[in-house]
Amino acid sequence: MHKYQPKAPLAEAADKLLRAMLAALAGTAWFVYLWGLRLTALTAGVAMGGLIWLAARQLGKKRMLRKETQMRQMIGGELALSRLMMLSPRHAAFQAALWLLPKADIRMEKALPWGVLGTWKGGRVLVRLIAQHESLPINVQQVIKAVRDAHDQEVDRCLLCVTAPVSKEAAAYAEDLEMPIRIVTREELVALAGANEPATDEQLRRMAEGRRHKGRNLKSWMEDILSPGRAKRYLWYGLGMAALAAITRQWVYPFPAAVCLMLYAGCKIRNWRRKEESW
């Protein structure tokens, strides 16, 4: 669930400050281009930058609402799949079939110990579930067993729901089968489950409390600060500060520019060392 954690407060504040500075810089550059470098141009540019920033903020709020809805569904789907693997095979397969109903108009007829029989697209269908941890890919033998069960039930097609990634060999084998078999991937199951069971405020609060109470040492902080995913952000911050230093000729900008570029270099060096150690 760590991939759904929000940004750190310092990162959020830095992003907001950079957006405000870029808006003011764009407005100032426009009026300086029209009127030349004078006080009225600087004042009008800052005012225009404020309007741009407010408009972008309103658009950002709408985007944030959409993102929050999607995030609730993704977190709710992940939690639902975690609970699914703790259920009995019969109950888990029935739950997976219920998640499919909004996308596939399946008429369920009989629950089996490892799946659900029903009708779909004018023929008989077997909804089969393979529930295992996402660290263990689905192999060819598991697909063969699911197809064998489908043949034993004399169905026309099979919907194979999986809670783990499917190996390339298993996916290629499923495509070459005579019986139509549709693999419902883990990502699709997460989306379907999340649409039915989005994360509640209580679940989000518990996740936030767990993150807050989790102790962090200096090594973990350095791992976070020098993460390869932050390198591009450090580079843009450093270049932006350097551009402001060149335009305004103020002594306050070169120092943060140098720090950001040093952090960028640190991220690249750390990533290079990791690759060397892996070999």
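Procedures and definitions
Residues numbered from 1 in each chain as written. Predicted model: local features only at pLDDT ≥ 70, side-chain atom pairs only at ≥ 80, totals over all residues. Heavy atoms only, no water. Salt bridge = Lys/Arg side-chain N within 4 Å of Asp/Glu carboxyl O. Helix = DSSP H or I, 4+ residues; strand = E, 2+ residues; numbered from the N terminus. Buried < 20%, exposed > 50% of the residue type's maximum accessible area, 1.4 Å probe, protein only. Phe/Tyr/Trp six-rings, centres within 6.5 Å; stacked < 30°, edge-to-face > 60°. Core = buried A, V, L, I, M, F, W, Y, C linked by side-chain atoms within 4.5 Å. Contact = heavy atoms within 4.5 Å. Disulfide = S-S within 2.5 Å.

Draft legend 1. Quick look at the pattern of salt bridges. With the rule as written, the count across this model stands at nine salt bridges. The salt bridge involving E134 is made with R186; its shortest N-O contact spans 3.5 Å. Highlighted residues: E134 in the loop between strand 3 (123-130) and helix 4 (140-152) and R186 in helix 6 (residues 186-196), separated in sequence by 52 residues. For E134, a relative accessible area of 39% gives the class partly exposed. For R186, a relative accessible area of 9% puts it in the buried group. Several salt bridges share partner residues, and in doing so they unite E68, R72 and D201 into one network.

Draft legend 2. Quick peek at the packing of aromatic side chains. This structure, assessed with the given rule, holds three aromatic pairs. When the ring of W30 is compared with that of Y33, the centres are 6.2 Å apart and the planes differ by 35°; the resulting orientation is tilted. Linking W30 with Y33, this pair stays in helix 1 (residues 9-35), spanning three residues, or about one helical turn.

Draft legend 3. Representation of unusual backbone geometry within the structure. A positive phi angle is found at K121, which is not glycine, with a value near 55°. Here K121 shows up in the loop between strand 2 (115-120) and strand 3. Exposure remark for K121: the relative accessible area of 62% places this residue in the exposed category. Although it is not a glycine, E154 adopts a positive phi angle of roughly 55°. Relative to the helices and strands, E154 resides in the loop between helix 4 and strand 4 (157-162).

Draft legend 4. Quick look at the nonpolar core. Of all hydrophobic cores here, the largest spans 23 residues; its most connected members are W99, L100, I106, V127, L129, L159 and C161. When contributions to this core are tallied by element, the ones reaching two or more residues are helix 2 (39-84), helix 3 (89-100), strand 2, strand 3, strand 4 and helix 6. Per-element accounting of this core gives the leading share, six residues, to helix 3. Discounting residues that sit within four places of it in the chain, L100 has contacts with I106, V127, L159, C161, V184 and L192. Of all hydrophobic cores here, the second largest spans 19 residues; its members include L126, V162, A164 and I183.

Draft legend 5. Representation of the state of the cysteines. Enumeration over the complete set of coordinates arrives at zero disulfides. Sulfur of C158: no disulfide; nearest cysteine sulfur belongs to C161 and is 8.5 Å away. C260 carries a free sulfur, and the closest cysteine sulfur to it, the one in C267, is 11 Å from it.

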